[in-house]
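A look at the structure
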Amino acid sequence: MNSEEIVTAAIRHLNEHPTASMAQLAEAIGVSRATLHRHFASRETLLHALGRRAVDRWERDLEEADADGAAASGDPARIERALRLLLRGFVQEADEHGFALTDHFIGQLPDLAERGARLEEREQALYAAAQAAGLLRADLPVRWIGNAVYGLLVAVRESLRRGDVARRDVEDLLLTTFLRGAGYGADAHERGRP
C-alpha cells in the first residue's frame, strides 16, 4: 500500500474507532506496524495527513460549488445552487472524513488551522450572500449558520456510524433540515401546534 491508500484506510477505521492506536490501525488496514511506521513515523504524523486531506476536500468543495463566484454575484439562483452543491459535498466529506470533524489534535495543527480559517471565511461569505439574497434568515449571525452546518455534519457522521439513517437519505435530510429547519414553521401556533 502507498501512503494515500493507508490514509484512506486509516480514515475509515478511525471513523469507527477514533482512539485506535497505530498497532490497531496497522492490523485493521492490513499492513505491518513497520510498514505503517515507514509511511507515518507516529500517530500524530498520520493524523496530520488525515487533516490535510480533509482540508483539501473542504477547499475542493468550495471550488466545485463556485462559492466565491456565487457569493460575489448576488444572484439568488446562483447562490442557492452553490449552497446546495456545497452542502452536498459536505455530506460526502462528513461520511468519508468524519473523524477529522471532531478530532482536537487535527484542529490544533497550526498549518491546518490557518488554512481552515481562510476556508471558513469563504464559506461564511456564501452564507452572508445567501442572507442578503433572502435565502437564509438575515437575523442569524453568519458564524451561527456555519456552526449549525458543522453540527449537522457531525449529526451526519454519527447517524451513519450508528446506522440511524440510510446512506441514500442523508443528503436530503441535511439539506431539508438546514434549509427548512426542523420546526413546524411560522403558522404552527395557528394550527395549535407547539
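This text follows the structure it describes.
If you're wondering where the values come from, they're calculated on a predicted model, not measured in any experiment.

Okay, the overall build of the protein next. Counting its regular elements, the protein contains 11 helices and 0 strands. The order of α-helices and β-strands along the protein, N terminus first, is α-α-α-α-α-α-α-α-α-α-α. With 194 residues in all, the protein has 40% of them scored as buried. Within the protein, contacts between residues separated by at least 24 positions form 66% of all contacts whose residues are at least 6 apart in sequence. Accessible surface computed for the protein: about 10800 Å², of which carbon and sulfur atoms make up 50%. Computed over 25 positive and 31 negative side-chain charges, the separation of the two mean positions in the protein equals 3 Å.

Now for helix H4 (residues 43–64). Taking 1.5 Å of rise per residue, the 22 residues of H4 would be expected to cover 32 Å, and the 31 Å separating its terminal C-alpha atoms lies within 8% of that figure. Every buried residue of H4 is listed here: Leu46, Leu47, Ala49, Leu50, Gly51, Arg53, Ala54, Val55, Arg57, Asp61 and Leu62. Asp66 sits one or two residues past H4 and shows a positive phi near 55 degrees.

In this structure the tally under the stated criterion is 21 salt bridges. Two residues, Glu93 and Arg57, come together in a salt bridge whose shortest N-O distance is 4.0 Å. Of this pair, Glu93 sits in helix H6 (residues 76–96) while Arg57 sits in helix H4, placing them 36 residues apart in sequence. For Glu158, the salt bridge goes to Arg161, with nearest N and O atoms at 2.7 Å. A residue pair is termed a helical-turn pair when its members lie 3 or 4 positions apart in one helix, as Glu158 and Arg161 do in helix H10 (residues 142–162) at 3 residues. A cluster of three or more residues bridged by salt bridges with shared partners is formed by Arg57, Arg60, Asp61, Glu64, Glu93 and Glu96.

In terms of nonpolar packing, the biggest core is built from 53 residues, with Leu25, Leu50 and Leu126 touching the most fellow members. In terms of residue count, the dominant contributor to this core is H6 (8 residues). Other than its neighbours up to four places away in sequence, Leu126 contacts Ala67, Ala70, Ala71, Ile79, Ala82, Leu83 and Leu86.

Calculation criteria
- Residues numbered from 1 in each chain as written.
- Predicted model: local features only at pLDDT ≥ 70, side-chain atom pairs only at ≥ 80, totals over all residues.
- Heavy atoms only, no water.
- Helix = DSSP H or I, 4+ residues; strand = E, 2+ residues; numbered from the N terminus.
- Buried < 20%, exposed > 50% of the residue type's maximum accessible area, 1.4 Å probe, protein only.
- Contact = heavy atoms within 4.5 Å.
- Areas by Shrake-Rupley, 256 points an atom, 1.4 Å probe, with all protein chains shown as cover.
- Lys, Arg positive; Asp, Glu negative; His and termini not counted.
- Charge placed at Lys NZ, Arg CZ, Asp CG, Glu CD.
- Expected span 1.5 Å × (residues − 1).
- Salt bridge = Lys/Arg side-chain N within 4 Å of Asp/Glu carboxyl O.
- Core = buried A, V, L, I, M, F, W, Y, C linked by side-chain atoms within 4.5 Å.

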